Every structure is written in C-alpha cells, then in structure tokens.
Amino acid sequence: MMKYILVTGGVISGIGKGIIASSVGTILKSCGLHVTAIKIDPYINIDAGTFSPYEHGEVFVLDDGGEVDLDLGNYERFLDIRLTRDNNLTTGKIYQSVINKERRGDYLGKTVQVVPHITDAIQEWVVKQAKVSVDDDDVEPQVCVIELGGTVGDIESMPFIEAFRQFQFKVKRENFCNIHVSLIPQPGTTGEQKTKPTQNSVRELRGLGLSPDLIMCRCTTALETSVKEKISMFCHVEPEQVICVHDVSSIYRVPLLLESQGVVSYLSRRLNMPIETRPRKMLTKWKEMSDRSDRLLEQCSIALVGKYTKFSDSYASVIKALEHSALAISHKLEVKYIDSACLEPSTLQEEPVKYHEAWQKLCSSGGVLVPGGFGVRGTEGKIHAISWARKQKKPFLGVCLGMQLAVCEFARNELGWEDANSTEFDPETKHPVVIDMPEHNPGQMGGTMRLGKRRTLFKSPSSILRKLYGDAEYVEERHRHRFEVNPELKSHFEDKGFRFVGQDIEGERMEVIELDDHPYFVGVQYHPEFTSRPIKPSPPYLGLLLASAGKLQSYLQKGCRLSPRDTYSDQSGSSTPDSEISELKLPSISSE
C-alpha cells in the first residue's frame, strides 16, 4: 500500500514546510524507499506562471513545461527526482477539472458542491499522482509526501483539510500520517520559548478533524526539555513526537537533524514500513556536504544583477545553483545583490549614492551573473553590467534574458548598431537582434512561452561549455522564454568572435553564446539552474565559479575533474539508493 505523509503548517506561512517535507522524503529515500512529493497551493491561479517573483518567489519550471511553486525545486534537489506539472495542485486546477466535468454532464442532475465533489476530486488527484514514477528507473513510488501550502485556518485551504480528513479513513490509519510544522517564538525581552501559538494551531487542526502524529517545532535555538514536555501535554502527543527543528548552519543539516531525533524509526512504526533502522550510510553524503559548507575558508563573490533583488526567493534556484558550484570547488559563496536600475545613468542624477554603491559592488565582485526576467525596467543597467564584464575580462554568465542582453550589448558596442534591442523593449528598433517567438500568443499570458525540456546541440568542439558538460554532443535543459536571438543576424556576430556555439535541433534557435579572447563569457537561452543538484552542480554555473576563483583553466586541463579534496567519499552513497557517487565528475548526458 502507498504511504501518505501530509505536511501542514501553523502560526505563520513561510515557516520552512518545503525544506521539512523535502528532508522527510530524503531520509526515507536514504532507507531505500521510492519517494514522490506533491505540493498543494490553495490559490485560485491555475499555475505559478503569471506570478511576479515578489508574490511567491521564483517560478520553477519542470521537464514537461509545468510552471510551479519553488518548493517543487526543493523536492527535486533534495530527492534527486523529476516531477511533473500535476505534482503541483492548485485550487484553480481542481475547480477547473470539476467545472469541466459539470459542463460535460458527468454530474447530470446533481447539485455540484464543495463536499463531496471538490473534496473527492482532490483525493482522486492525489491517489492518481502518487503512483506516477519520478525516478529514472520507472518504479512506482512507495511513499508520497504531500505539503499543504498556507496556514491551517486559512479560508482557502479548508476544502483541502476536509479532503484529507476523509482521506485518512479511506486509506486506513496505518497508511496516512500528519506532520504539523509550527513556530515557537522566542521574544527578545524574556528569551523564553512560547508554546501558546503551537497549542492554538494544533487545537484548530484537531477541530478540523486531523490529528498531528509529529509536531515539528521551528525555533531559533534548540527546544528546552520543559518546553517539549509542555507541548506534549497540551497537544496530546508523546514527547518523542515533538521534534525540534532549530536554525542550523545549512539546509543540508535538516535531514540529519530529523534523523537524529528518531523520525525514521517513528515513521516506520507508525506507517508499518519495512525499512532498515540501522544508521544509513546514504546520509553520509549530506553530513559531508554540511561539514564542508561549515569549514569553507576561501571566498568567491558573484554580483547578481537583476530587478527582483529585494526578495532572495525571487532567484531561489539561481542561488542554489551557485551554492552547489561553490561547494564543489570548496569556496564560500558571497552573493552581491544589485538592482540593475541602480547602474543606469538616470540613477546617477536622482540618487548618486545608490548609483555609486551599486557600481562599487559590481566592481568588487569576482564574477557577474545576469539571470532571466521580464519587462523593460532595469534592462539598460544590465547592459551596462554586461559591457563592463566583457571589457574588464570579468567572468560572466547570462541566463535567458541575460544572454539576450549580452547580444544587444555586443551589437551596440562592437557592431556599431546603436539602437540594437529586443523587440520586447523597442518594437520599432532598426536592428532587432532579439525577436518575438512563433509559439508566443500575445493575447494570452499563461503557459504560452517556450517551456520545458528541449535539446541543444553543440556546434563547436572547442566550446568551453561543451567541455564543462563532459564533452557532450548535446544537452537537454529547461526553457522559459518568449523571445529569442534573431538567427538572420548571426554571421555579423560570428565575424567578430562572438560565437553561437549551441543551437536547437533545427539550427534556428541560438541557445549558447561564447566570446573568444575572454576567460569566461557565456550566455545560455535555457535555465540550467533548474536541474542543478547538490552533488551534481550545473555546468554553466560551475564554470562561472571556477573562472571567478581562477581555477577554470586548470580544471579544463585536468579533463574536468576536481582535486581529491573537492570530491565526496565513495562511502557516501547518493540519495538514489542504487547509485554510489565515487567522484564529483559531471555526468555525461545520455540520450533519452
């Protein structure tokens, strides 16, 4: 029987349910189980595709082109699995499916209501999606971790809570358990850990018909024994069911923290799961990663030039991809967030202090990263940053819009086309170096971009990026964009040493750019950060970090191998039970 673990949250949102759900999945997967994950978002949007990154953080893209919540990125990175768009369930998707059924006449003669029709649809969706394989070996999962977004008590999440209240009886007690994540505030005035918000949250959850099996307490410092006992007494659970998740030095420590408090042995008893309870060498990898991340001394700074820099979750996958690469080369990462609008001459007139601070940050960084984005605001500032990186021979990586602007910058400053631009920002430009794409439907915003996994062929054997990908002939990465480089102007650039080394299968779409006579000047039309993993860093990001740390040439000369001190032990195992990682060598990309 499939085992279901529902993760709910109380007191406040943004408490870390995603990391806890991922960590629970990780420690179960390290026991040899096949684990899948579902994220439920109670908003009415069909998907996350039309959100500003300031709403819910970045929009994460899956292989099948699904635009989903960033927590699915956490699941993929922690569990090393590949999810589909149906692993992200929203109120909008459920209501749309029920309304479509009603229009078809499936409920003929019936009054369609929240209970039972919406709640049944939720349960059917979960049961169906839990069976879909997410591993490369196509095995049906044995455990499904379901994270319910928002906070218990929200009016939006009521139908979902009711659906799971019914669900626990349908699948039987031994196949369903609930983990409730709550906040233990510690007011600065007294320094005392307060349990009342957790008591209220659990009481509300019980009133809605769900009883938490584990209460995971988020707190700044470790829970005191007396506080644990108080929660146990007032929340109707044993003290061993109260788990302390205090702030730790890195997120890689969270699975270890849960494992050390007996979460695996509790779940194996509670859900009657046939798993080994001896200490698992699979988690050694996580211990090594977190130990290494704590020990790092050398530092590498990257300037992230974007327009959503006030909220770090806007670039969650980008930051993770940089962290994975920094960890692989044993450097501590320092990200310098720069609002691209602050680099523009207009800011010099209006707010000179901001302008000079932004340029000082840029000039003192080891490398420059311009990530993807939409809209005209701040694009000129990004072009200034790219121009500086190109002329100063600073390592540069442009992703999606960052690559398109690198093409605009080169056209303006090297080809002499002063008004060169993307038709997204200047439809009347005489030199449209970036143009609208055929798939784009201007009348509808949601899901009309070039989305999901696409193949890119390398055209040049001497390409730096090709070598970083393990000398692969092609790569398959995830896309999310509406505009592309104008293929008709390609020859003008290549004559000046600005090479389009990666293209799509038809040779019409420019996917990868590289510049001759530069230590590392790379642009990619796809989003490599979405497939970066802690043990398998994304090659374009790894190249940026290596170049910024002055190690790129020696790495390439060694055949793209890191020195022994930068690899993980062959005892570490991987989060995939049947594969062991003996050396941190970038995987060769095998065909589908």
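Residues numbered from 1 in each chain as written. Predicted model: local features only at pLDDT ≥ 70, side-chain atom pairs only at ≥ 80, totals over all residues. Heavy atoms only, no water.

Brief notes about the packing of aromatic side chains
Then, in step 1: For the structure shown, the criterion picks out 19 aromatic pairs.
Then, in step 2: Ring geometry for F164 against F176: centres 6.4 Å apart, planes inclined by 25 degrees, an arrangement best described as stacked. Of this pair, F164 sits in helix α6 (residues 158-170) while F176 is found in strand β7 (residues 176-183), placing the two residues 12 residues apart along the sequence. The same class applies to F164 and to F176, which are both buried.
Then, in step 3: Where W417 meets F493, the ring centres are 6.1 Å apart and the plane angle is 85 degrees; that geometry is what we call edge-to-face. Within this pair, whereas W417 is found in the loop between α16 (401-413) and β14 (421-422), its partner F493 is found in helix α18 (residues 490-494), the two being separated by 76 residues in sequence. (Phe/Tyr/Trp six-rings, centres within 6.5 Å; stacked < 30°, edge-to-face > 60°. Helix = DSSP H or I, 4+ residues; strand = E, 2+ residues; numbered from the N terminus. Buried < 20%, exposed > 50% of the residue type's maximum accessible area, 1.4 Å probe, protein only.)

Some thoughts on the confidence of the model for the chain
Then, in step 1: For the chain, the average pLDDT comes to 87, and 91% of its residues sit at 70 or higher.
Then, in step 2: In this model, residues 567-592 is a region of pLDDT below 50 whose contacts with residues beyond four sequence positions or in other chains number 73 contacts. (pLDDT = per-residue confidence, 0-100. Contact = heavy atoms within 4.5 Å.)

Thoughts on the UniProt feature "domain: CTP synthase N-terminal" (unreviewed entry) in the chain
Then, in step 1: Following the UniProt record, the feature "domain: CTP synthase N-terminal" (unreviewed entry) maps to residues 3-273 here.
Then, in step 2: What you have in residues 3-273 is 40% helix and 17% strand, and the ends, taken at the C-alpha atoms, are 8 Å apart. (UniProt positions renumbered as here; feature names shortened; annotations may be inferred.)

What to know about the domain arrangement of the chain
Then, in step 1: Per the domain assignment, the segments making up the chain are domain 1 (3-290) and domain 2 (296-558).
Then, in step 2: Just the C-alpha atoms count here: the centres of domain 1 and domain 2 sit 35 Å apart.
Then, in step 3: Among the residues domain 1 hides against domain 2, the three largest losses belong to Y54, V61 and R77. Together they make up 28% of the total.
Then, in step 4: For the interface between domain 1 and domain 2, the tally reads six salt bridges.
Then, in step 5: Our count for the contact surface shared by domain 1 and domain 2 stands at 13 residue pairs in polar contact (both at pLDDT 80 or more). (Domains from an automatic or database assignment. Buried area = accessible area lost by both parts, 1.4 Å probe. Salt bridge = Lys/Arg side-chain N within 4 Å of Asp/Glu carboxyl O. Polar contact = N/O pair within 3.5 Å; in protein donor to acceptor, adjacent residues only side chain to side chain.)

Focus: the pairing of strand β21 (residues 521-524)
Then, in step 1: Of the two faces of β21, the one carrying F521 and G523 and the one carrying V522 and V524 are both buried.
Then, in step 2: Pairing of strand β13 (residues 396-399) with β21 involves four bridges; the strand directions are parallel. By the bridge assignment for β21, L397 is matched with V522.
Then, in step 3: In terms of strand pairing, strand β20 (residues 510-515) meets β21 through three bridges, oriented antiparallel. Note on β21: the bridge partner recorded for V512 is V524. (Pairing = 2+ DSSP bridges.)

Structural notes on the sheet that holds strand β17 (residues 474-481)
Then, in step 1: Taken together, the nine strands give an open sheet; going across it, the order is β11-β10-β12-β13-β21-β20-β19-β16-β17, and neighbouring strands pair in mixed fashion. Either end of the sheet is taken by a strand with one partner, and the two such strands are β11 (332-339) and β17. Neighbour-to-neighbour, the strand axes of the sheet open up by a mean angle of 25 degrees, direction not taken into account. (Axes fitted to C-alpha atoms, helices over the stretch in contact; angles between N-to-C directions.)

As for the environment of H56
Then, in step 1: Looking at the element boundaries, H56 is found in helix α2 (residues 53-56).
Then, in step 2: With relative accessibility at 35%, the residue H56 sits in the partly exposed group.
Then, in step 3: Counting along the chain gives 42 residues from H56 to G14, while the straight-line C-alpha distance between them is 9.6 Å.
Then, in step 4: Leave out the neighbours within four places in its chain, and H56 touches Y43, F51, L70 and F311.

Some points on unusual backbone geometry
Then, in step 1: In this model, V115 is joined to P116 through a cis peptide bond whose omega is 15 degrees.
Then, in step 2: If you trace the backbone, P116 turns up in helix α5 (residues 114-130).
Then, in step 3: Here K172, not a glycine, exhibits a phi torsion of approximately 80 degrees, which is positive.
Then, in step 4: In this structure, K172 sits in the loop between α6 and β7.
Then, in step 5: In the Ramachandran plot, D471 falls in the positive-phi region, its phi being about 55 degrees despite a non-glycine side chain.
Then, in step 6: The class for D471 is partly exposed, based on a relative accessible area of 48%.

Structural notes on the side chain of Q168
Then, in step 1: Within the element layout of this structure, Q168 appears in helix α6.
Then, in step 2: Classification of Q168 by relative accessible area gives buried; the value is 16%.
Then, in step 3: The contact partners of Q168, leaving out residues within four places of it in the chain, are R173, F176, G209 and L210.

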